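So you can see what is in the structure, the chains are spelled out below.
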Amino acid sequence: MTEHETRVDVGIVGGGPAGLMTALLLKRRGITAVVIETRTQEQIRHTQRAGILEAPTVNMLVEAEVGSRVLTDGHEHEGTVLSFDGIQRRIDFQALVGRSVWLYPQNEVFHDLATAWQREGGEIHWAVTETAVEGIDTAAPRIRFTDAQGQRRSIEADLIVGTDGSRSMCRKLIPEDVRTDHFISYPFAWFGILCEAPPTAPELIYANSEIGFALISQRNESVQRMYFQCDPDTDPEDWTEEAIFDHIQQVLGVEGEIQLKRGPIIEKTVLPFRSYVCDPLSHGRLVLAGDAGHTVPPTGAKGLNLAFADVRALVPRVEEFFTGLRAQAVTQADGVGQEPASISGAQGSSAAVETPEPLRRYSRTALDRVWKAQNFSYWATNLLHRQPEENPFTHKRRRGEFDAITDSVHGQAYFADSYTGWGD
Ligand SMILES: Cc1cc2nc3c(=O)[nH]c(=O)nc-3n(C[C@H](O)[C@H](O)[C@H](O)COP(=O)(O)OP(=O)(O)OC[C@H]3O[C@@H](n4cnc5c(N)ncnc54)[C@H](O)[C@@H]3O)c2cc1C
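Thresholds applied
- The numbering scheme is per chain: residues are counted from 1 as the chain's sequence reads.
- Only residues with pLDDT of at least 70 are given local features in this predicted model, and only at 80 or more are side-chain atom pairs given and counted; all residues enter the totals for whole chains, interfaces and linings.
- Just so you know, side-chain values use all the structure's heavy atoms and leave hydrogens and water out.
- Think of a 1 Å grid over the protein atoms and nothing else: a 1.4 Å probe that fits but is trapped marks a cavity, an open set flanked by protein within 12 Å on at least five of seven lines marks a pocket, and residues with an atom within 4 Å of a point count as lining.
- Grid points are joined across faces, edges and corners, and a volume is the space filled by probe spheres set on the points.
- The classification used treats Ala, Val, Leu, Ile, Met, Phe, Trp, Tyr, Cys and Pro as nonpolar, Asp, Glu, Lys and Arg as charged, and all other residues, Gly among them, as polar.
- If even one non-hydrogen atom of a residue comes within 4 Å of a molecule or strand, that residue is called near it.
- As used in this structure description, the phrase polar contact means that two N or O atoms lie within 3.5 Å; if the pair is within protein, one of them must be able to donate a hydrogen and the other to accept it, and residues adjacent in sequence are counted only when both atoms belong to side chains.
- Helix numbers and strand numbers start at the N terminus; a helix is a DSSP run of H or I with at least 4 residues, a strand a run of E with at least 2.
- Think of a salt bridge as a Lys or Arg side-chain nitrogen and an Asp or Glu carboxyl oxygen that are within 4 Å of each other.
- For each residue, the accessible area found with a 1.4 Å probe, counting protein chains only, is set against the maximum for its type, and the residue is called buried under 20%, exposed over 50%, and partly exposed in between.
- Between any two strands, at least two bridges found by DSSP are needed for them to pair.
- UniProt positions are given in the numbering used here, feature names are shortened, and annotations may be inferred rather than shown by experiment.
- Whether two aromatic rings pair depends on their centres lying within 6.5 Å, for rings of Phe, Tyr and Trp, where Trp uses its six-membered ring; planes under 30 degrees apart make the pair stacked, over 60 edge-to-face, and the rest tilted.
- A ring is scored as having a charge over it whenever the NZ atom of a lysine or the CZ atom of an arginine sits within 6 Å of its centre and within 35 degrees of its normal.
- Think of each axis as a best-fit line through the C-alpha atoms, taken over the contacting stretch in the case of a helix, with angles from 0 to 180 degrees between the N-to-C directions.

What follows is about the layout of surface pockets. Looking at the second largest pocket, its volume works out to about 220 Å³. Around the second largest pocket, the lining comprises 14 residues; the ones closest to its centre are Pro105, Asn107, Glu108, Arg219 and Asn220. Broken down by class, the residue content of the lining of the second largest pocket amounts to six nonpolar, four polar and four charged.

Right, here's the structure in full:
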């Protein structure tokens, strides 16, 4: 079969939030992009994942002109509740650091971004197969794939952005002698449910007890998201509805003020915990953003927000890279009979290239924030989860740490500052 060939400034592998936000913001700067995605739009639209957005994430959605649903349908949370052994303490984000977070589900973020990209005529190929990325160490990298209609396609670009999630194939293209994979796994997981019930409380509750952790989160007025700590090998089908709600209620304290609102469970999943960082996030003409470059355990609600923070750091550096490339192309075109180095519409070179300096700087800047988020996610996870070897001493020590945070305005401010995203 003949291969359909096109050329574009930037080829984006992965049409999740990081990929779509990158595509939209590049388009605003006159840089063309094509996105390819293995799943269908419907599949992503109905996958439940993150729910808490930091203020800069919300601002990006507003500034990218994807619509104002995040402001009209999202809920501002000015604080959260931390609970240990049935004793609740509220962390007042607004009073402590003057910031809030927003509850707005990731599948709605995705819907807004995908709608905006398509409304503006952005090219995206859903449900692709056989993706391959070639030539990332040349000036003319290329994505090859089969589209949903079975047509083989090839996209040549000046730059490839790998936003293909936690199982990224793009990051494996960074040679092993250049790449460091920092990875740890945790001895527990989250058992997540979606249930048809009204909210139990106006804000999220992060609860811990001698039997482990639970998170009471929300989706909307009639569907709620809850999690509890479980063994990574847990089979969700081994737990009945009643056993799930009784267990979560026990973590909150059976006699306490907070009584769970129960309702039919419509989804059950087990989510393993991992921390991963790929260093560097750029190599040759490939950059990574979002979960493709790093993953965090979900305790700190950082994954989606980090993906957007990457995009904030990346887009100006990509613009700088293209400004340099275009200036170089003009200079070369002024020379006698020379071809431009490589920009859209021009023939790219297959000679090996160094990683451009703006893309190196992106990697350094993004990784600084990634490690701050890794630290907070790791710390909050270990503070709030029962450890496998836990004994009365280690439980009371964790309780002491919890009190040191929640009894002190400085401790509370540390939590509030980190949870709401350090104000940048
Ligand atoms: C249960 C759960 C709860 C979470 N809760 C939170 C939370 O409360 N707050 C928070 O901030 N984060 C949370 N996260 C993390 C958050 O969902 C991720 O960090 C976020 O999805 C990252 O976005 P992304 O665009 O980088 O990756 P993804 O959303 O994973 O998108 C990557 C896309 O690339 C596609 N893809 C993969 N391979 C290819 C290929 N070869 N070719 C083409 N396309 C490809 C995938 O299909 C996918 O659509 C949670 C995650 C889970 C699983």
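Our next topic: the site of the ligand. Taken together, 29 residues form the shell around the ligand, and within it Ala18, Glu37, Gln106, Asp291 and Leu304 come nearest. A distance of 3.5 Å separates an oxygen atom of the ligand from a polar backbone atom of Gly51. Here Gln106 contributes a side-chain N or O atom positioned 2.6 Å from an oxygen atom of the ligand. Broken down by secondary-structure element, the contributors of at least two residues to the shell around the ligand are helix 1 (17-28), strand 17 (223-230) and helix 8 (303-334). Sorting elements by how many residues they give to the shell around the ligand places helix 8 first, with three residues. Grouping the amino acids of the shell around the ligand by side-chain chemistry returns eleven nonpolar, eleven polar and seven charged.

Working definition: two side chains of opposite charge can pair if their charged atoms are close together. All told, the structure shown has 36 salt bridges when counted by the stated rule. One salt bridge in this structure joins Glu3 and Arg144, with 2.8 Å as the shortest N-O distance. Residue Glu3 is found in the segment before strand 1 (4-7), and its partner Arg144 is found in strand 11 (residues 142-146); the two are separated by 141 residues along the sequence. In this structure Arg144 comes out as partly exposed when scored by relative accessible area, which is 21%.

The sheet built from six strands is open, its strands ordered 9-3-2-13-20-19 with mixed pairing. The sheet is open, and its two borders are formed by strand 9 (123-125) and strand 19 (282-283), each paired with just one other strand.

What follows covers the UniProt feature "domain: FAD-binding" (unreviewed entry) in the chain. Sequence positions flagged by UniProt for "domain: FAD-binding" (unreviewed entry) are, in local numbering, residues 7-326. Spanning residues 7-326, this segment combines 27% helix with 35% strand, and its end C-alpha atoms are found 16 Å apart.

For the structure on display, the rule yields 21 aromatic pairs. Across from the ring centre of Tyr419, 5.9 Å away, lies the NZ or CZ of Lys302, which sits over that ring. Above the ring of Trp422, the side-chain terminus of Lys302 is found at 5.2 Å from the ring centroid.

Let's shift gears to the sheet that holds strand 5 (residues 75-77). Ordered in space as 4-8-5, the three strands form an open sheet in which the pairing is antiparallel. Pairing within the sheet leaves two strands with one partner each, and these edge strands are strand 4 (52-54) and strand 5. Pairwise comparison of adjacent strand axes, ignoring direction, gives a mean angle of 35° for this sheet.

Moving on to empty space enclosed by the protein. Going through the model one piece at a time under the given rule, you end up with one cavity of 30 Å³ or more. Considered as a void within the structure, the largest cavity measures approximately 30 Å³ in volume. Lining the largest cavity are Ile52, His77, Gly79, Thr80, Phe93, Val101, Leu204 and Tyr419.

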